[in-house]
Every structure is written in structure tokens, then in C-alpha cells.
Amino acid sequence: METATKSTDYALAPINKNLAAEQKIRLLRDMLRIRRFEQKALADYQKQGRMGGFMHLYIGQESIATGVCSLMGDHDHVITAYRCHGHALAVGMTMNECMAELYGKVTGCSKGKGGSMHFFAPDKNYWGGHGIVGGQTPLGLGLAYGLKYKGLKGAALCFLGDGAVNQGCFYESLNMASLFDLPVIYVIENNKYSMGTSMERSSVVKKCLAERGEAFSVEWAQANGEDLYEVRAVTQKAIERAHNESKPMILEFDTYRYYGHSVADSKHKGGYRPEEEIEKYKTQHDPIQLFKRRLIGEGVLTQEQFDEISEAAKDEAAASAQFAEESPLPTDANIFEDVYFEVDRQTEAGRTGKHFFHD
Amino acid sequence: METATKSTDYALAPINKNLAAEQKIRLLRDMLRIRRFEQKALADYQKQGRMGGFMHLYIGQESIATGVCSLMGDHDHVITAYRCHGHALAVGMTMNECMAELYGKVTGCSKGKGGSMHFFAPDKNYWGGHGIVGGQTPLGLGLAYGLKYKGLKGAALCFLGDGAVNQGCFYESLNMASLFDLPVIYVIENNKYSMGTSMERSSVVKKCLAERGEAFSVEWAQANGEDLYEVRAVTQKAIERAHNESKPMILEFDTYRYYGHSVADSKHKGGYRPEEEIEKYKTQHDPIQLFKRRLIGEGVLTQEQFDEISEAAKDEAAASAQFAEESPLPTDANIFEDVYFEVDRQTEAGRTGKHFFHD
Amino acid sequence: MALIEYRDALNQAFAEEIERDPNVVLIGEEVAQYDGAYKVTKGLWKKYGDKRIVDTPISEAAFIGMGIGASMLGLRPVMELMFWSFATVAYDQIVNNAAQIRYMSGGLINCPIVIRGPANGGTSVGATHSHCPENWFAAVPGLKVVNAATPYDAKGLMKSAIRDNDPVLFMESTLLYGEKGEVPEEEYVIPLGKADVKRVGTDISIIGHGRPILAALKAAELLEAEHDIHAEVIDLRSIRPLDEEAIFASVRKTHRAIYVEENKPFCGIGAQVSSMIMEKCFDDLDAPVLRVTSLDAPAIYSPKVETRQLPSAHDIIKKVLSIC
Amino acid sequence: MALIEYRDALNQAFAEEIERDPNVVLIGEEVAQYDGAYKVTKGLWKKYGDKRIVDTPISEAAFIGMGIGASMLGLRPVMELMFWSFATVAYDQIVNNAAQIRYMSGGLINCPIVIRGPANGGTSVGATHSHCPENWFAAVPGLKVVNAATPYDAKGLMKSAIRDNDPVLFMESTLLYGEKGEVPEEEYVIPLGKADVKRVGTDISIIGHGRPILAALKAAELLEAEHDIHAEVIDLRSIRPLDEEAIFASVRKTHRAIYVEENKPFCGIGAQVSSMIMEKCFDDLDAPVLRVTSLDAPAIYSPKVETRQLPSAHDIIKKVLSIC
Ligand SMILES: Cc1ncc(C[n+]2csc(CCOP(=O)(O)OP(=O)(O)O)c2C)c(N)n1
Ligand SMILES: Cc1ncc(C[n+]2csc(CCOP(=O)(O)OP(=O)(O)O)c2C)c(N)n1
Ligand SMILES: [Mg+2]
Ligand SMILES: [Mg+2]
């Protein structure tokens, strides 16, 4: 499979042209922080007993979460699926709370209750982290509905995968978004595989998946996700449209994941996808390398600076693991907290009647 | 709203041109039988205590079920929603078994267990009769899957309404039908309203609803459902395509229901739709009247013959009501039959373990 | 007190809460311009307009999910399912989103949504439209399940449900919508988790929820008149949270209990309640806790026959006499 | 007898039934080319090809519905849900189509489908992926629900499920797939509706289903060794149909019972079974039937903590000692 190569140079798009050097470096750092965080997470996952469950790595796709989330204003919200580490860091969550969540510690963003697939930070307009494929698409619709209801100028950015497009609730959501003029932007991160199934084996496609939006008069755009500038330029248009016209849109970014579907995925290398394909993306389409070269070319970055940033990110990740390691586990009592708001707050309602039934 | 008026004269389509006079009259009779059956059903429904639950009348749409089902070969199967009387009679079910079902009698097609929304006749390739909106669309996919698996040259004709297109499983089914090349034909009977909601208020539409198939590379056609010839001509093409290429298709027929969504629908007249609209369809777009005029014009029918056929249909309906009236109700014992195949047959499996738990 | 229909009691609750809180919005199929399939929302769209009363396409998964997402932002959506049976196409949204989002976010998110509609058989609409799903949902920690048998309870419980900050599934009955009952003019609320002793008695506790409570009251009358058996009738009203104290107190007094519900028997609410009674009141029981439920088969269409599938006063009396 | 893994026992059942009946087809996500997310279908696609082993898009509603439609035409689809938790998006197809089609058609149609996959917690995959839905479905007349705890049972029950002419929901456990057990070389089937006395005892009946049966057996050993309590362990294996005779016979012998399951407590299978025991064995009981279930909260991620949510031998022993 081939990633559509870009047509225009999006460095000149207003949203990118006016970036100050430190802002550009900040974007590079954000991508590096995601990668280093996940590399550390993977290493620790492989040390038995530290983490459990699934771990879906975002490595290779960093430009998308970073580019999209770098455009978020006060009333722009984000929701995604289980491959949610990148988006979490991109909206500004700390490595500590994220790593601690992977370790299942009370200091984790979800107090160790959500795990790798369920990171949340409502204070940063980040609504997770959802494990049921496609399940986030009606919730994203609801975030947009809430924004419109409250009269706020914002957008709901709802990420989904190339496999998730085959969950019916996505189409129900598109029709309603279009019918109600809701400012929801569905961002398809097309990494070409859903687990071990190639896009061709799961979806009938003409130009691309986003094109399906036409069935509901929802505008769409396809772009090259490996180019941070392109991601930002294309997304900015959609956000402006959402803000100014309260209209939905579908964006599809070509991208690639370097690791397996999850850490448990044994077959991805030479199994359902050829090793050369993986190599090609790593060497020719890596969003971090591409952006690094660009910035060096633009003269706003040196190799030394890059290495420093990279090292700093590595150190931050290591420190977060240390933090996680030293944090306490949830107690048995914690198990029954955060089930019911009213019980947690011990309101009148929370004190009335039996809520739990195992004893 | 306006029904798209037809372009070509489908009387000349091969599938119609070669019809013998008695075959044409047979088609007219089939439509009349549906109408007279439902008029009698409605009258009896209104006499308290005879029937219960919902009754969704098909009156005004007869040309579609009649036209489509008139083309069914040995391996063509039909499945539809709860507005299923017309299709039932069109596939050859008797008025007796249908009326008795409405009366909730053991002589009904479903032994009084299904009611108005749940007519079935697998021996006539008729798979119901389904109450959950859109729920029949994956089942129709499955019928097509079964045909292909068994290597039979057939098609699954799956009817749905203009409101049902907004159930997500329909789109999941379209993608799978297209991906697996399954011979399923989705027939949208667009009567412009889903209960009290106009199509415009529930669906974002460009040309028509069938067009949404393009998102999944599923071919589609829109046609005028009031013209029996047109229904047959358009459907025949889809069936041939299904048989010869094992490909799915969506057909959309413009049509109109004269009565409320169900008998309980008080608001349809002058409520969510203007009385003039109803009048216009009854007077200018009635499929039976239009076909009658055609046949008289073609010289294969006289007004006298028409009146005879109409009378005969009325008598048949009256007789079926008599039959239903005189048939016995299910017994308490019948309540527990037809839940489990193995129990009904008292097989080893059916005799092992407790299956029912109220006592 | 005014004598009004169950549907009007609910309608009053909606109107009062809409006026009280700008974040309350009613969403569902035919709830606005059509006044509701069962006229429960009659007149509200006319009065409050497009923003507060919203018609949707037939897309339960999307609009229930939409309501959940909106509730995360602070709206208080009251979502109508035309029938609770249609929750089958929005099951994931209810069980995995509404029920779990608070827990999986470590308490950062809450979901103050109400999902409501009729959940009953007895109207000859067939097996797919006659589910009583209270046990499917009450089984899921994170959800609350309410079931009102009278206009008074319906209004008071609905107001509490709308103000509650957790997802509340509110189950009504098309056969109750037209039933009349006394409802005070002045405002009132009924807390979730409080059972109501609808009749005081000493010989047996007839416990239950939903419409069969009316059959239980009728049975209690006949038992007293014809058998000198004084039955206490307890309406749980709220299934989760559950008022176990009210149940145990009654059983400790009467030493006998029967659970009555319209649900199917296997893993019905009565199974849960009777196992709780056995565990907590074992030595108080002079007889096994028996259960009266719908007959254990899909809802049959045949009108006259279906009524026999549902629990009747007669069925209740028979069971009572078998242990009294 | 060969000592093989649970997943291989299932794999053998599939292979044997595929060879036996040309209408048997395996359908689901990643079941073919990927060998199954949990390698349960390993090698089958290579061996039997595209027609018999079919990969699907992530469209559970459509492909479960497709399987049901195909089964009406006589196919015997064995549908995999990668997790039973994902039944939440195909709930309507299971509960309204598979369960009701025979009844609503007056017996004209039957639906010989098997829907299978893992249904368990304990693997730190979070609340949405850890449902134990046996009670949601066993509550619905028209469905059959099976839950196998050992490789031997898994193979024998799966073969019966595939040959059964009613819809059978087969629940497995990702934590059992790697467990080994003795499985005969020669062919055998295990009928649905027959419980298995996995350990004979005289003092208390520990009844249950699924993986906790292993904990029950461990508990029984310790109870005998450390407390001289001889527990009988009964594995229901099939929840609906249910082998009530085996349950009652044991309770009449031991006079005490505990139900053990991984399900959440509210309206769990244990609630149904204990209420049946109370009704039919009231005078035989020397103590209330107690229940051991998962803790009543959504599945927590934190690995070490989640294991404490699940029933353990220790939890079982504690409950047993409280009534022995
Ligand atoms: C409803 C549902 N079905 C199946 C799964 C199992 N599953 C988890 S991720 C996944 C693949 C999704 O692929 P895609 O949407 O392309 O996202 P990606 O993993 O590539 O980011 C599957 C099948 C699930 N979580 N939910
Ligand atoms: C999932 C689901 N939601 C809602 C309903 C209630 N309902 C029954 S028919 C109907 C309208 C369907 O309209 P359409 O698809 O246009 O078919 P028509 O009635 O016009 O033939 C609705 C909302 C249902 N039966 N199932
Ligand atoms: Mg993907
Ligand atoms: Mg319509």
C-alpha cells in the first residue's frame, strides 16, 4: 500500500506560515514526547507484572494527534478510540498521570481504573479513550450537540480508525450531524489495517473512506498524515468551518503504525503485512524524521537541538515510569468509588437505598 | 412532496411486453386482493376485541410488493418490515392464514403468535414480517449469503422504509454485501414519512436515499413505484444482476400510504401531512387505478371485468374473516410451543434439562 | 389533589424540570411535533420549542450516544425510547458508555442522563416489542433503574431521575399511561431507592415493581375479603438503588413473601430479591419466597392469550394460598 | 486421553463438525487468516479455506444478523465474537432475531446458529471488555446459554451446540484457553442441560459455572484438608437448559449450598439458582444459599486489583465456613 503523496506545500498555509520557531520546535517536541513515552511504556510492559491488558501503540502516527490537537481552542473537544496515548499527551496530559495509569496506580489519570485504552482529561477537553470500536462516534456527536446547545463556538474532534468506519453507529451519527448541523469533525486515522485485516479486506473503497460522507452530504478531505504541516492545514479548515458554519466534516489521514495492533499482536511482522512495507514507512514516511528535516531545512532546528529534545523526552518518560513505579495501587475500597456520582459525594440520593449487591 | 414522474414507458420493457392478457389481469387482481384484504382487516380491527396491537396498512403501495414479488423465481427470497400484509399476499399466502393471524387464531400463518407485523411463509420464500426498524436488513444479507454458500442462483429481496435507512446495521450490511458480492437487493419503499416524520426531517438527501449506496460501491436505481410496469422492469434488471453477477443493489420506489402509520395514528390527516397531499395521491397516483386504466387502454380489460375482480377480492376477504372468526384461539399449552425446536420435537436434546422457568 | 393520568404526571414532571433547569432537553423519536407516540410529551414542543424538545431520526444508537456525550458536557438529556425494547439497538451506548464512563475515567466524568419509555407486554405488539429489560440493566453497576406504577410515583420519581447525576433508566408502561391517580398541585419529589408500602399487612409480604403492583393490591383486597389473609404490598419503585430495609422489615414481620413482576422468570428481579431475603431473613421465613412472573415464553400476539401470560391477581392469590 | 489446551479442544470440535456437516461455517473477525485473536481457530482457514472460515469487517450487528439469516436457510454458522462484550452492538440480532424468529413464525423457522467467544474478566482489559453476559441472555426464552470450564467439556459441549437446532450462545474464557485437560481421542459429545458433578461431597454443594469452577475445586480440596468439610462441586456447564435435578439432588444430600460465578451479583445466575433451591428444597436447607460473585463494580483495570474483584478459592472457603 502507498501513502498518497502530498500535492501542495502546506508550510505556506497561514496556520503554519505564521508559526514562530519555538512553536515549530514545540510541535516536534510533542511528537517526540509521544514516541519516547510509548517506547518506555513498551519496555516496561514487557517487564512482567508491571502492566496488564492491551497496549495499542501510536508510534508512527504522532503527526496526526499532535497536528490536530495543536489547533484546539477553548471550546474544541477531542475524543478517540483505545489507541489513545498520543492524543492524551497532545492535549497536554502529563507523562506521569499517563504512565501511572498504565501501571494501574491511583495517581493515574483514571486512578488505575481505565488503563491503556481509557485515558481521560475533561479539564483539557479530552473525553477518552474508548474501547468499543466505533463507540466514540455517537459520543463525539453528543459533544458537538452540547457545544451547539450551549451556544459555544467550538468543534468536537472525533478520531476513529479505518476499521471502525464499518460500525453502523458511525453512519447514524453522520446523518444526524448533517441533519442537525453539528460541529463534529470525524478524523479517520487510516493506518491501513484493522488488527490483521487490511482495509481492502474490510471496506469497499473508491477514492478513500472519508468519501463515504457524501452519502450524508458531509464534506470530507483526504490528506497525508505523515506531514505535520499538512495535518494542521487541512484540520484548520475543518475547524473554521465547524466554528463558523456549525457543519460536520470527515478528514482522513493516511498513516501507519510501526508496531503490532497491540503488543500482543505476533503476526504483524511478515504476517499480514510484509516487513518491507513496515521498513518503508519507518525509513521514508516517519513523521518525526520528516518534520525534523524540514525544520533543519528551515534553519529553525539543529541536529544537536533535536538530540537534546529527544533526550529530554526520554528522561521525562523514564521519570514518569519512576513516578508510576513508586505510586500506590488502588485499595479494595477504591474499587467501589467512581461508580455512582451520588454515592461518591454521599449526597442524600447517594445515601438512599442499596447500590452495591455483592454482600 | 411530489412523486418523480416516470421517464420511459415501461410497458415496452421485455419483462412486461411479453405478458399475456391473463397475466396482466392476474397482476391487477393481486393488487386488488391486497387492498380488499386490508380494507376488511381495518374494518374488523375497528370492531373491538377482534384484533389487537398494531396494524400498519399497505394500501397505496400495492404496486411495489406485487410488482417485485411477481418476478420471484425458485431461489429468490423476500423479507420485509412490519408493514408486511402486501408482501405476504404477493408471494402467494392465502387470505385465510393472514386474516386468521390478525385475529390471533391458531389457523394463522404464525399460529397467532406473530400478529400483523410478523407474517411468515418460508415455503414461499417469505421470511417475514419484522418489527424492529432496519432489523431485517442484516437478515436479508444472510439470506443472500446462504444462497451464495449453497451455490444457488437466487436473490434476497429485502424491503425497508425511508425511515429505516437511518439504522446503522443497514450500512454495515451494504458494505458487507458489496465486499462479499452477495446477491441482496434492498428495496426502499419511500412513502415519504416515517411515522409522523417527513423524510426531510429524518434524512439528509441529495437525489434520493438509494444514492447512499454509492458510499459502498453498491449500484442503485430510483423509480416511480406507482407504475406496476416500472416496478417490474427496474426490479427485473436488479434480479438479473444478482443472479448473473452476484452483486447487491438498492432500489428506491416512490410511493405513498393512504392511511396513518398504523391504525392508531390519529395525526396523519392534516397533522403531519396536508389532506390535499393525501387526496392528490389517492386521485392521481393510485397504482391500482393507473394500472386499470392502462389495461383498459391496452384493451385487455373492461370496467365490468374490473368490477368482478374487485368483488371477488372483497368476497375472498369477507370469507377469510369468517374463517378467522370461526377458528380457535391458541391454548395455554400452545404458549410454550415454538420456543425451542428441540423441545417441540421432543428430541433427546429437548428432553434434557429445564427449558422453562416460570414454575 | 388532582386526579390525572400517568402520562400527564410525567408530562408535568418534564415541564417543571424544563422550566427549572435550562440544561434539561427532551430528545427522541416523535417526541416533539407528533406529541409523542403515546402523547406523553403532548404540548411540550408547542410550549418550549425546537431547542428543548427534539425529534430524531430512527437512529437509537446515535441519539442515545449523542445524549450521553452531551450529558458529559453538562446537559441533562431526557431521552425517549419509543419502546424500551428498542434499547436492543442502543445497548452498547447504555451498558458501555453511560454505565462505565464514570468508572473508567476515575470519576472525572459523570453522565446525568435519563433514558425513558414504556417497558411492558400485554398490548399484542409481539415478542420484539414486549421486553421487560429491567434485569438486563439493573445487573450493570453504574446504572440506576426505576419503574413507576402510579401517576404520583411517576411524577415524583421522574423529577428525581432528572436531577440525579447518574444515568437513570426509567421504565413506564403503555398500559399505565391512561391510568388515573391523585397528584398533588404543589411540587414534590420522590427519592430513588425508597420503596413504598402501598398496603399494610401482617400475614405475607407481596413485593414487586411496575404495573403488577396494581394486581397485587387487588389480590390483597380479595385475600382479606375471602381468606382473611392480610397481605402487605411493597412497591420497590426503584430497582437499583434498592430499598432492602423496607423489604427485610416487612418479611421479618410477615415471615412470608412473594415477588411479583411482569418480567420473565429467569434471572428476574424477583430472583435477586428472593435470594437477598433468604440470605438476610433465613430464620424469619416460614415458607420459601415464591415468585409470580410472566409466563416463560416470548410474548404471544394473540390478544386474549397474551393477557394470560402476564401476572394476574388470580395468579398472585394462588401462590399466596400455597404458602399461607 | 491426550492432554490438550482448551483452545485446541474447541479447535478440534470445529474441525470435526466442519468435516461432518457441509453447512457448518465459521465466521467472525480475524478467525481465518489471522488464526483467531486468541488462536482458537488456528490452522482452520489454511485447512478448510475461504468458504468454511470467513473473516468479516468490524460489523457485529451485520455479521451476526447475516449468520442468523443464513441459518434460516439451513446453514449452521458458528459466529465468533472476539469478546462476548461486543454482543452489545449485536444485541438486537441475538435477542430479537435469533431468540424470537421461531416463536413469531409459529415454529416455521428455526435458527441453528452458535455464537461464541470469551466472556470473562481478570485480564485487565477494562470495564467495556470484561462483561459476563450469561444472565442477560439466559433470561430470554428462545436462547440457550452454555459455559464450559474444562477442555473436555468445551469440546463435547461445542459439538452438541453446533448440532443443536436452536440458537446456542457459547461462552468461553481467555483465561482458560491455555489451560490443559484430558480429552479422549475418540469422538464424544456432551448434551446441553446436563450438569457435571466435578467432585463428590456430603457437607455442602458448591454449584456454579465457568472458570470459577476451578476455584471451587481448589476450595473443596482445602476445605477437606483443613476443615474436614466434604464439599460437592457441581458444574452446570449449561445454564439454559438447566439441570435442576442435579442441583436439587445434591442439596437434598448436603442441606447447604453456595453458588459461584464470575458474573456480577445483581440478577446473576446464582440469584436464579438460589431462588429455585429455596422454592424446591426449602425444608432441606439448613442454611441460606449464599453466593460468591465478582465484586459489584465495573471491572477495574489495575491488574493486581482486578484479580481481587473475581471470586477466589479463598472467597468461597470464607462463605462456606460461614454456614458450615
Ligand atoms: C465492537 C468491537 N468489535 C471488535 C473489537 C476488537 N477490536 C479492537 S481494535 C480492532 C481493530 C480496529 O482497527 P481500526 O479501526 O483500523 O483502528 P486501529 O487499531 O488501526 O487504530 C478490533 C477488531 C472491539 N474493540 N469492538
Ligand atoms: C429500532 C426501532 N425504532 C423505532 C421503532 C418504532 N417505529 C416503528 S415503524 C417506525 C417508522 C418507520 O418508518 P419507515 O421506515 O419509513 O417505514 P414505513 O412505516 O413508512 O413503512 C418507527 C419509528 C421500531 N419499531 N424499531
Ligand atoms: Mg487501522
Ligand atoms: Mg416511510
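Details of the structure are given in the entry above.
What you see is a predicted model; the values in this text were computed from it and never measured.

> Before we go on, may I ask you to explain the overall build of chain A in this structure?
A tally of regular secondary structure across chain A gives 13 helices and seven strands. Projected onto the principal axes, the alpha-carbon positions of chain A cover approximately 65 × 50 × 45 Å. For chain A, the residues scored as buried account for 67% of the 359 residues in total. Nonlocal contacts in chain A, meaning residues at least 24 apart in sequence, comprise 73% of its contacts between residues at least 6 apart. Summing over all exposed atoms, chain A offers an accessible surface of approximately 11,800 Å²; the carbon and sulfur share of this is 50%. Charge centroids of chain A, computed over 41 positive and 49 negative side chains, lie 1 Å from each other.

> Looking at this structure, how should I read the coordination of the magnesium ion (ligand 3)?
Each angle at a metal carrying four tetrahedral donors should ideally be 109.5 degrees, and each at a metal carrying six octahedral donors should ideally be 90 or 180 degrees. Residue and element names in this part refer to chain A. Taken together, the protein ligands of the magnesium ion (ligand 3) are D162 (OD), N191 (OD1) and Y193 (O), with distances of 2.1 Å. Read from N- to C-terminus, the donor residues coordinating the magnesium ion (ligand 3) fall into the pattern D-x28-N-x1-Y. Taken together, the positions of D162 in the loop between β2 (156-161) and α7 (168-180) and Y193 in strand β4 (residues 193-194) put the pair 31 residues apart, joining distant regions of the chain. Side by side, D162 and Y193 carry an identical accessibility label, which is buried.

> Quick question: what am I supposed to make of the site of ligand 1 here?
Around ligand 1 sit 21 residues, and of these Y82(A), R83(A), A164(A), N191(A) and E60(D) come closest. Residue neighbours of ligand 1 fall on chains A and D, so the site bridges chains. Interatomic distance of 3.0 Å between a backbone N/O atom of V133(A) and a nitrogen atom of ligand 1. Between G163(A) and ligand 1, the recorded distance is 2.9 Å, taken from a backbone N or O atom to an oxygen atom. The fraction of the free accessible surface of ligand 1 (590 Å²) that becomes covered by protein chains is 95%.

> Would you explain the interface of chain C and chain B in this entry?
Of the residues lining the interface, 40 residues belong to chain C; the matching set on chain B comes to 42 residues. Interface area for chain C against chain B, summed over the two sides, is near 3,200 Å², with a carbon-plus-sulfur share of 61%. Three residues stand out in chain C for area buried against chain B, namely Y34(C), I58(C) and Y301(C), and they jointly supply 23% of the buried area on that side. Inspection of the region where chain C meets chain B yields four salt bridges.

> When you look at the packing of helix α6 (residues 136-149) of chain B against helix α3 (residues 60-72) of chain D in this model, what are you seeing that I'm missing?
Geometrically, a packed helix pair is captured by the angle between its two axes and the distance between the axes. Interhelical geometry of α6(B) versus α3(D) gives an angle of 55 degrees and a closest axis separation of 6 Å. The angle between α6(B) and α3(D) places the two elements in the oblique class. Note that α6(B) runs across α3(D); the crossing there is right-handed. Where α6(B) abuts α3(D), its residues P138(B), L139(B), L141(B), G142(B), L143(B), Y145(B) and G146(B) lie against A61(D), A62(D), G65(D), M66(D), I68(D), G69(D), A70(D) and M72(D).

> Help me out: how do you make sense of the packing of aromatic side chains in this one?
Given two aromatic rings, one states the distance between the centres and the angle between the planes to describe the pair. Tallied over the entire structure, the rule returns 47 aromatic pairs over all chains. Seen from their ring centres, W84(D) and F137(D) are 5.5 Å apart, and the 55 degrees between their planes marks the pair as tilted. Of this pair, W84(D) sits in the loop between β4 (76-80) and α4 (91-98) while F137(D) is found in helix α6 (residues 134-138), placing the two residues 53 residues apart along the sequence. Across this residue pair, the class does not change: W84(D) and F137(D) are buried. These aromatic residues form a ring-pair network of at least three members: F170(A), Y171(A), Y186(A), F216(A), F170(B), Y171(B), Y186(B) and F216(B). The ring of F357(B) has K354(B) lying over it, and the distance from NZ or CZ to the ring centre is 5.6 Å. Positioned above the aromatic ring of Y149(B), the side-chain terminus of K51(D) is 4.2 Å from the ring centre.

> I would appreciate a short explanation of the sheet that holds strand β14 (residues 290-292) of chain D in the present structure.
Two orientations exist for strands paired in a sheet by backbone hydrogen bonds: parallel and antiparallel. All names here are of chain D. Taking strand neighbours across the sheet as the criterion, the five strands line up as β9-β11-β10-β13-β14 in an open arrangement whose pairing is mixed. Single-partner strands in this sheet number two, and they are β9 (196-199) and β14. Between one strand axis and the next, the sheet turns through 25 degrees on average, direction left out of account. As paired elements, strand β10 (residues 204-208) and strand β11 (residues 231-235) share five bridges and run parallel to each other. Looking at the pairing, S205 lines up with E232 of β11. Helix-sheet contacts for helix α12 (residues 313-323) involve β10, β13 (257-260) and β14, and the interaxial angle to β14 is about 170 degrees.

> Before we go on, may I ask you to explain the site of ligand 2 in this structure?
Within the structure, ligand 2 sits among 21 residues, and Y82(B), R83(B), G131(B), N191(B) and E60(C) are positioned closest to it. At 3.0 Å, a backbone N or O of Y193(B) approaches an oxygen atom of ligand 2. In isolation ligand 2 has 580 Å² of accessible area, and contact with the protein removes 95% of it. Here the residues of the shell around ligand 2 are counted per class, giving nine nonpolar, eight polar and four charged.

Calculation criteria
Residues numbered from 1 in each chain as written. Chains lettered and ligands numbered in written order. Predicted model: local features only at pLDDT ≥ 70, side-chain atom pairs only at ≥ 80, totals over all residues. Heavy atoms only, no water. Helix = DSSP H or I, 4+ residues; strand = E, 2+ residues; numbered from the N terminus. Buried < 20%, exposed > 50% of the residue type's maximum accessible area, 1.4 Å probe, protein only. Contact = heavy atoms within 4.5 Å. Areas by Shrake-Rupley, 256 points an atom, 1.4 Å probe, with all protein chains shown as cover. Lys, Arg positive; Asp, Glu negative; His and termini not counted. Charge placed at Lys NZ, Arg CZ, Asp CG, Glu CD. Donors = N, O, S within 2.8 Å, 3.2 Å for Na, K, Ca; no water. Near = heavy atom within 4 Å. Polar contact = N/O pair within 3.5 Å; in protein donor to acceptor, adjacent residues only side chain to side chain. Buried area = accessible area lost by both parts, 1.4 Å probe. Salt bridge = Lys/Arg side-chain N within 4 Å of Asp/Glu carboxyl O. Axes fitted to C-alpha atoms, helices over the stretch in contact; angles between N-to-C directions. Parallel < 35°, antiparallel > 145°, perpendicular 65-115°, else oblique. Left-handed = near helix turned anticlockwise from the far one by under 90°. Phe/Tyr/Trp six-rings, centres within 6.5 Å; stacked < 30°, edge-to-face > 60°. Lys NZ or Arg CZ within 6 Å of the ring centre and 35° of its normal. Pairing = 2+ DSSP bridges. Nonpolar A, V, L, I, M, F, W, Y, C, P; charged D, E, K, R; others polar.

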